[in-house]
Amino acid sequence: MRYLMTTKPSDVAPDENLYAEMASFVEELTASGVLLATGGLEPGGIRVTSAGDRITVTDGPFAEAKEAVAGFALIEVRSQAEAVELARRFRRIVGDGESVIQQVFGP
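Below or above, wherever it landed, is the structure these notes cover. Just so it is clear, the model here is predicted, and its values are computed rather than measured.

**Let's talk about the overall build of the protein**
Right, on to step 1. Summing up its helical and strand segments, the protein has two helices and six strands in all.
Right, on to step 2. Mapped in sequence order, the helices and strands of the protein form the string β-α-β-β-β-β-α-β.
Right, on to step 3. Across its three principal axes, the protein shows a C-alpha extent of roughly 45 × 35 × 20 Å.
Right, on to step 4. Within the span of the protein, comprising 107 residues, buried residues form 21% of the whole.
Right, on to step 5. Accessible surface, the protein as shown: approximately 7500 Å² in total, 55% of it carbon and sulfur.
Right, on to step 6. The distance from the centre of the 10 positive side-chain charges to the centre of the 16 negative ones in the protein is 6 Å.

Below, the structure written as structure tokens:
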């Protein structure tokens, strides 16, 4: 089962300890084959909306930037419980904040 884990931005600046812990966590998940992809996302982005025949493209940043996704990890695990446990471990490393886990369907 594949899951996309996303995280929202935090007001806390990362320190050397956080970088070291996160590097170790990513290395462990990569070596085990669980981590398929990971990355941070630019804060602005481009919003594309459609209504009928009208397509609107709007450049960011947007007022609700705190609700935006700041980073992601695509993982492959045996169960939802395993995905939740990995998210718990991630949150213990990065501290206060919010992450979302969504199952990815398809090939």
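**Examining the pattern of salt bridges**
Right, on to step 1. Counted according to the given criterion, the structure contains four salt bridges.
Right, on to step 2. E98 is the partner of K8 in a salt bridge, and the nearest nitrogen-oxygen pair spans 3.4 Å. Residue K8 is found in the loop between strand 1 (2-7) and helix 1 (16-31), and its partner E98 is found in the loop between helix 2 (80-94) and strand 6 (99-104); the two are separated by 90 residues along the sequence.

**A word on helix 2**
Right, on to step 1. For helix 2, which comprises 15 residues, the first-to-last C-alpha distance of 21 Å matches the rise-based estimate of 21 Å (1.5 Å per residue) to within 8%.
Right, on to step 2. Along helix 2, the positions that sit buried rather than exposed are A83, L86, A87, F90, R91 and I93. When helix 2 is viewed along its axis, its buried side chains cluster within an angular range of 155° and face the same direction. In helix 2, those exposed residues whose orientation departs by more than 90 degrees from the buried face are A81 and R92.
Right, on to step 3. At its buried positions, helix 2 is contacted by strand 1, helix 1, strand 5 (71-76) and strand 6.
Right, on to step 4. Following helix 2 by one or two positions, G95 has its phi on the positive side, about 90°.

**Re the nonpolar core**
Right, on to step 1. Core analysis: the largest hydrophobic core is formed by 15 residues, its most contacted members being F25, L29, V34, I75, V77 and L86.
Right, on to step 2. Elements that contribute at least two residues to this core include exactly strand 1, helix 1, strand 5 and helix 2.
Right, on to step 3. Apart from the residues lying within four places of it in its own chain, the contact partners of V34 are L29, L74, I75, E76, V77, E82 and L86.

**Describing the packing of helix 1 against helix 2**
Right, on to step 1. With their axes 9 Å apart at the nearest point, helix 1 and helix 2 run at an angle of 160° to one another. As far as their axial angle goes, helix 2 and helix 1 are roughly antiparallel. Crossing of helix 1 against helix 2: the hand is right-handed. Residues L18, E21, M22, F25, E28 and L29 of helix 1 lie in contact with helix 2, whose contacting residues are L86, R89, F90, I93 and V94.
Right, on to step 2. Here the contact of helix 1 with helix 2 is composed, by residue class, of eight nonpolar, no polar and three charged.

The rules behind each value
- Residues numbered from 1 in each chain as written.
- Predicted model: local features only at pLDDT ≥ 70, side-chain atom pairs only at ≥ 80, totals over all residues.
- Heavy atoms only, no water.
- Helix = DSSP H or I, 4+ residues; strand = E, 2+ residues; numbered from the N terminus.
- Buried < 20%, exposed > 50% of the residue type's maximum accessible area, 1.4 Å probe, protein only.
- Areas by Shrake-Rupley, 256 points an atom, 1.4 Å probe, with all protein chains shown as cover.
- Lys, Arg positive; Asp, Glu negative; His and termini not counted.
- Charge placed at Lys NZ, Arg CZ, Asp CG, Glu CD.
- Salt bridge = Lys/Arg side-chain N within 4 Å of Asp/Glu carboxyl O.
- Expected span 1.5 Å × (residues − 1).
- Arc of directions from axis to C-beta.
- Contact = heavy atoms within 4.5 Å.
- Core = buried A, V, L, I, M, F, W, Y, C linked by side-chain atoms within 4.5 Å.
- Axes fitted to C-alpha atoms, helices over the stretch in contact; angles between N-to-C directions.
- Parallel < 35°, antiparallel > 145°, perpendicular 65-115°, else oblique.
- Left-handed = near helix turned anticlockwise from the far one by under 90°.
- Nonpolar A, V, L, I, M, F, W, Y, C, P; charged D, E, K, R; others polar.

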